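Here's the letter readout for the chains.
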Amino acid sequence: MKVNDCFVSAPGKAILHGEHAVVHGKVALAVSLNLRTFLKLKATTTGKVCINLPNIDIFLSWDLSELKQLIPYCCAQRVELKCLDPELVRRLREFVGAADGNLDTCHMATLAFLYLYLSLFGSGELPSLTVSVWSELPTGAGLGSSAAYSVCLAAALLCTSGAITAPLREPDHAARWCQEDLELINSWAFRGEMIIHGNPSGVDNAVGTWGGMLRFLAGKIIPLSRVPLLRILLTNTKVPRSTKVLVAGVKDKINKFPAVMTPVLDSVDAISCTCEKVLSDMTSEPITGEHYNILEELIDINQHHLNVLGVGHPALDTLCRVTLTRGLHSKLTGAGGGGCGVTLLRPGWP
Ligand SMILES: Nc1ncnc2c1ncn2[C@@H]1O[C@H](COP(=O)(O)OP(=O)(O)OP(=O)(O)O)[C@@H](O)[C@H]1O
Ligand SMILES: C[C@@](O)(CCO)CC(=O)[O-]
Ligand SMILES: [Mg+2]
């Protein structure tokens, strides 16, 4: 099968408030970054599928004949948006040598690629192609690298399979898909995230798909257009961590102490809603120091909550302490446990 070449990109994100709580049905506020992941898909005649992932040192190729062996297991049922095909996941784990569940998060990227490739092409002829993905985002540092990767894979493979059309180029050369195509991309990116994360809320792939700033609640995505210009400093502690492990740890804590943890999640929800209200006020009335005082206090309270949820790290504590000596307020962003923090900069700072 001969397919067209394709080049796509997707942004990373920062979460202002609501990480972890959003997995448990609470509100999150997130914004896209001008750091992107890029994917180039090239049609080949080698009879192979090759994947080059230089950021995580993975370079693999398979003969189409090997992959065809997996087809009878992948297209029997149309799986629902919110769940993976468990039989295909099991077969793929076996295929990549991780049947015992022993797969590091880097190799989850391979599994996510194969899952999407076989799900989208399994009912027809498998195309021979080479996919290369590279990113400006640090991998596994809280800036949505897994979601940007999954969005790129979903967009390129859907485009190549003919499920969505190649986007029309606008005069400024920024190509855009229609809403329906974006929803399809988002739903397949969510499956990629399910493989890499285990139990994602969907907020990261939503920002990676639509960009801009949005409010996310239980799968519902509301773009926020009335927001003031905020200056946010990103700091990478360079402490490695895995979102999958951190999300599972929070779930365990909630199961162990439901009466203790539920109010914490409710409070994070209220922080997101209060922050959203203040941001909206800042677009309809003159911005004052009081607006910033509230935003800073919300950041401090949320950072304490995230420590209570068990996703802090001494390096993040240091970030908060050091920035506070300059009068600035910081919190972790994304899954925490290391990775990146955000610091709100007041206008005119320093
Ligand atoms: N450029 C990339 N190439 C290949 N795989 C990637 C790339 N970026 C991310 N990944 C996949 O995503 C995993 C990291 O995802 P993880 O969710 O733990 O961190 P994150 O998405 O950067 O942070 P967060 O989820 O907190 O925003 C990597 O181990 C790899 O499987
Ligand atoms: C920790 C988390 O809330 C955000 C990771 O960027 C996980 C998720 O929402 O899927
Ligand atoms: Mg992630």
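As the structure is a prediction and not an experimental result, all values here were calculated from the model.

Calculation criteria
Residues numbered from 1 in each chain as written. Chains lettered and ligands numbered in written order. Predicted model: local features only at pLDDT ≥ 70, side-chain atom pairs only at ≥ 80, totals over all residues. Heavy atoms only, no water. UniProt positions renumbered as here; feature names shortened; annotations may be inferred. Helix = DSSP H or I, 4+ residues; strand = E, 2+ residues; numbered from the N terminus. Axes fitted to C-alpha atoms, helices over the stretch in contact; angles between N-to-C directions. Left-handed = near helix turned anticlockwise from the far one by under 90°. Contact = heavy atoms within 4.5 Å. Nonpolar A, V, L, I, M, F, W, Y, C, P; charged D, E, K, R; others polar. Parallel < 35°, antiparallel > 145°, perpendicular 65-115°, else oblique. Donors = N, O, S within 2.8 Å, 3.2 Å for Na, K, Ca; no water. Buried < 20%, exposed > 50% of the residue type's maximum accessible area, 1.4 Å probe, protein only.

When the UniProt feature table is mapped onto this chain, "domain: GHMP kinase C-terminal" (unreviewed entry) is found at residues 294-345. Strand forms 19% of residues 294-345 and helix 50%; the C-alpha atoms that close the span are 13 Å apart.

What follows concerns the packing of helix α3 (residues 105-121) against helix α5 (residues 179-197). The contact between α3 and α5 brings their axes to 9 Å, and the two run at 145 degrees. Handedness of the α3/α5 crossing: right-handed. Touching Met108, Leu111, Ala112, Tyr115, Leu116, Ser119 and Leu120 of α3 are Trp188, Arg191, Gly192, Ile195 and Ile196, all from α5. The residue inventory of the contact of α3 with α5, partitioned by class, reads 9 nonpolar, 2 polar and 1 charged.

Across the interface, α3 lies against helix α4 (residues 145-161) with an axial gap of 10 Å and an inter-helix angle of 25 degrees. Accordingly, the angle class assigned to the pair α3 and α4 is roughly parallel. The two elements α3 and α4 meet at a crossing, and its hand is right-handed. Between α3 and α4, the residues in contact are Ala109, Thr110, Ala112, Phe113, Leu116, Tyr117, Leu120 and Phe121 and Tyr149, Ser150, Leu153, Ala154, Leu157, Leu158, Thr160 and Ser161, respectively.

A separate point is the coordination of the magnesium ion (ligand 3). With distances of 2.1 to 2.4 Å, the protein atoms coordinating the magnesium ion (ligand 3) are Ser146 (OG) and His197 (NE2). Taken together, the positions of Ser146 in helix α4 and His197 in helix α5 put the pair 51 residues apart, joining distant regions of the chain. As far as the burial class goes, Ser146 and His197 line up, both buried.

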